[in-house]
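Here is what each chain is made of, one letter per residue.
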Amino acid sequence: KAYYRPERAVLVAVGDFDPDAMEAKIAARFGDWRNAAPAGGDPRLGAPIRRPAETRLVVQPGASEMVQMSWVAPPDLSPDSLAKRRRQTLETLGMAVLNRRLERLVRADDPPFISAAAYRDDEFHSAHVAIVQATAQPGEWSKALAATDQAVRQILAYGVSPDELATEVDADRASLKA
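As the structure is a prediction and not an experimental result, all values here were calculated from the model. (Residues numbered from 1 in each chain as written. Predicted model: local features only at pLDDT ≥ 70, side-chain atom pairs only at ≥ 80, totals over all residues. Heavy atoms only, no water.)

J.: What is the right way to read the pairing of strand 3 (residues 127–136) from this model?
T.: Look at any regular strand and the pattern is simple: side chains alternate between the two faces of the sheet. Within strand 3, 9 of the 10 residues are buried, leaving the element largely enclosed by the surrounding structure. With 9 bridges connecting them, strand 1 (residues 65–73) and strand 3 associate as antiparallel partners. Looking at the pairing, glutamate 65 lines up with alanine 136 of strand 3. Where strand 2 (residues 115–123) meets strand 3, 9 bridges bridge the pair, whose relative direction is antiparallel. Bridge assignment links alanine 118 to a residue of strand 3, and that residue is valine 132. Linking strand 2 to strand 3, which pair antiparallel, is a turn of 3 residues; within it phenylalanine 124 sits at a positive phi near 50 degrees. (Buried < 20%, exposed > 50% of the residue type's maximum accessible area, 1.4 Å probe, protein only. Helix = DSSP H or I, 4+ residues; strand = E, 2+ residues; numbered from the N terminus. Pairing = 2+ DSSP bridges.)

J.: Before we go on, may I ask you to explain the nonpolar core in this structure?
T.: Soluble globular proteins tend to bury their nonpolar side chains together. Within the largest apolar cluster, 18 residues are counted, with the highest numbers of intra-cluster contacts made by Leu98, Leu102, Phe113, Ala118, Val132, Ala134 and Ala144. Sorting the residues of this core by element identifies strand 1, helix 2 (82–106), strand 2, strand 3 and helix 3 (141–158) as the ones contributing at least two each. If one sorts the elements of this core by residue count, helix 3 sits on top with 5 residues. If near-sequence neighbours (up to four positions away) are discounted, leucine 98 is found in contact with Ala118, Val132, Ala151, Val152 and Ile155. (Core = buried A, V, L, I, M, F, W, Y, C linked by side-chain atoms within 4.5 Å. Contact = heavy atoms within 4.5 Å.)

J.: Sorry, what's going on with the packing of aromatic side chains here?
T.: The description of an aromatic ring pair rests on the distance of the ring centres and on the angle between the ring planes. Under the counting rule described, the total for this entry stands at 1 aromatic pair. Summarising the aromatic geometry, the rings of phenylalanine 30 and tryptophan 33 are spaced 6.4 Å apart at their centres and angled 50 degrees between planes, so their arrangement reads as tilted. We classify phenylalanine 30 as partly exposed; its relative accessible area is 40%. In this structure tryptophan 33 comes out as partly exposed when scored by relative accessible area, which is 36%. (Phe/Tyr/Trp six-rings, centres within 6.5 Å; stacked < 30°, edge-to-face > 60°.)

This is the structure:
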């Protein structure tokens, strides 16, 4: 009763229909939905716990060898703004450059891993997570880890080149046009 309430509900209607007729159907079906109980407050998810770097080895017989590095930070809960969107766009473009660099490594003559990817996500307004992971050749997880670590360190230390940035901006624009 505290959380499953009309003011927290989202209804999505998809299809070829008359919007006014659909709105009337929705109002007829849900217009009298009320909840007399007091609303619950927004959940407090807290901030990520600060802890030292940790390493974990998980062995699953028959599974691919994978390495992953994750960084967890507090979420950006600031209001939506042009400055916030600019930061997010720059971070997205930086990840795209990193992913393109990892793809080049996969296509090398002696690739350090079978596949690799970098991505970021905001986890339920509780944490900002950045992840780089690679699937290693059998028995070569340390080579994959070293290569992904080096790629991350290089982009953090030296940034991206104007040509790399232009490539990602062009790709992003082409995607938006498509």
